[in-house]
Amino acid sequence: MKNLLVCIDGSRYGQVVCRYAAWLAQESEATIELLYVTDLRQFEVPAIGDLSGSLGIQPFEGMITHLQEVEKVKAKFIGEQAMQVFSAAGLSNHTSFKHETGLLVDVIKDYSSEVDLILLGKRGENAGFASEHLGSMLERVVRSARVPCFVGNRDYREPSKIAIAHDGGDSCQKALDYICMLAPIFRVRQVHVLTCVEGHNEDLASDRLADAEEQLGSVGIHPNCEMLSGVVEHAIANYVTDAGIDLLVLGAYGHSRIRELLIGSTTTELIRSCHVPVLCFR
């Protein structure tokens, strides 16, 4: 893990994500790229606001120019605020800042080949108005990103207890491989591996836990393995709370979009309901 991409937007969540990025960078000696994206859509609103056409286009051209200047000032301020976090952590020389204009999900695609991990907040700058909703771009970013995504929560707490939700899927196996690759970081922390029994497949779940325990044990990580029962998202969310977990690791969006439209997404529900950061793998 050599390059971290940190998405910032001036929100509290963005500041907290910076603190998690600083922690990861100190643990792994990674470099940090801060990214602020001006949403291109806000410049399109004035142009369509006057449906009658009575004002003409010229007043709107001036307005768009002013909006763009304001965004430049805002981006500079947000970048400086974020840089303070890394300066305090002694990481100024390993951190850079970029300001782009477009849609966050599209801009991140362009960066995906250059970074090893994307960090972004669970909610954006309007979180105070919709506290139970995820950020409008979050799910699209996690679904489309080619690298793991670290979704930050509202308050920072250095992870000491990590839970890995394991359902036997390919994305969960990627998560286990990643944890093993970063064994020096996780070896000194308490790791829990969770699997949930659905129906009558206890033998399959038990084998799943045994395989994960063996793989992690091979790199010196000795996890607590737990078999849970009930609705997956509820069982895992309750365990995270009861066990005082600081970081949840899971495979993201393992089922088809049609199935998720019918019964909902476990990944989205866990990100929403767990008040800890979530590290997602596709």
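That block above? That's the structure.
Let me sum up the structure you'll find in this document. (Residues numbered from 1 in each chain as written. Predicted model: local features only at pLDDT ≥ 70, side-chain atom pairs only at ≥ 80, totals over all residues. Heavy atoms only, no water.)

### Focus on the sheet that holds strand β2 (residues 31-39)
Taken together, the 10 strands give an open sheet; going across it, the order is β3-β2-β1-β4-β5-β10-β9-β6-β7-β8, and neighbouring strands pair in mixed fashion. The open sheet has two edge strands with one neighbour each: β3 (95-102) and β8 (224-229). Neighbour-to-neighbour, the strand axes of this sheet turn through a mean angle of 25°, independent of strand direction. Bridge count for strand β9 (residues 247-251) against strand β10 (residues 278-281) is four bridges, and the pairing is parallel. Each residue of the ladder has a partner; that of L248, found in β10, is V278. Across the sheet, helix α1 (residues 12-28) touches β1 (3-7), β2, β4 (117-121) and β5 (149-152), and the angle it forms with β4 is around 150°. (Pairing = 2+ DSSP bridges. Helix = DSSP H or I, 4+ residues; strand = E, 2+ residues; numbered from the N terminus. Axes fitted to C-alpha atoms, helices over the stretch in contact; angles between N-to-C directions. Contact = heavy atoms within 4.5 Å.)

### Section: empty space enclosed by the protein
Empty space left among the atoms is revealed by rolling a probe the size of a water molecule over them. Under the counting rule described, the total for this entry stands at one cavity of 30 Å³ or more. Lining the largest cavity, in full, are M1, W23, L24, L117, F150, Y178, L182, F186, L247 and L279. Residues that form the lining of the largest cavity fall into these classes: 10 nonpolar, no polar and no charged. (1 Å grid on protein atoms, 1.4 Å probe; cavity = no way out; pocket = protein on both sides within 12 Å on 5 of 7 lines; lining within 4 Å. Points joined across faces, edges and corners; volume = space filled by probe spheres on them. Nonpolar A, V, L, I, M, F, W, Y, C, P; charged D, E, K, R; others polar.)

### Section: the packing of aromatic side chains
Considering all chains together, one arrives at three aromatic pairs under this definition. Ring centres 5.0 Å apart and planes at 65° place the aromatic pair Y178 and F281 in the edge-to-face group. Taken as a pair, Y178 in helix α6 (residues 170-181) and F281 in strand β10 lie far apart in primary sequence, 103 residues in all. Judged by relative accessible area, which is 10%, Y178 ranks as buried. Members of the aromatic cluster, each reached through a chain of ring pairs, are Y20, F150 and Y156. (Phe/Tyr/Trp six-rings, centres within 6.5 Å; stacked < 30°, edge-to-face > 60°. Buried < 20%, exposed > 50% of the residue type's maximum accessible area, 1.4 Å probe, protein only.)

### With respect to the packing of helix α9 (residues 232-242) against helix α11 (residues 266-273)
In contact at an axis separation of 9 Å, α9 and α11 are set at 30° when each is read in the N-to-C sense. Compared by their axis directions, α9 and α11 come out roughly parallel. Relative to α11, the crossing made by α9 is right-handed. The segment α9 lies against α11, with V232, E233, I236 and A237 engaging T266, E269, L270 and S273. Across the contact of α9 with α11, the residue classes tally to four nonpolar, two polar and two charged. (Parallel < 35°, antiparallel > 145°, perpendicular 65-115°, else oblique. Left-handed = near helix turned anticlockwise from the far one by under 90°.)

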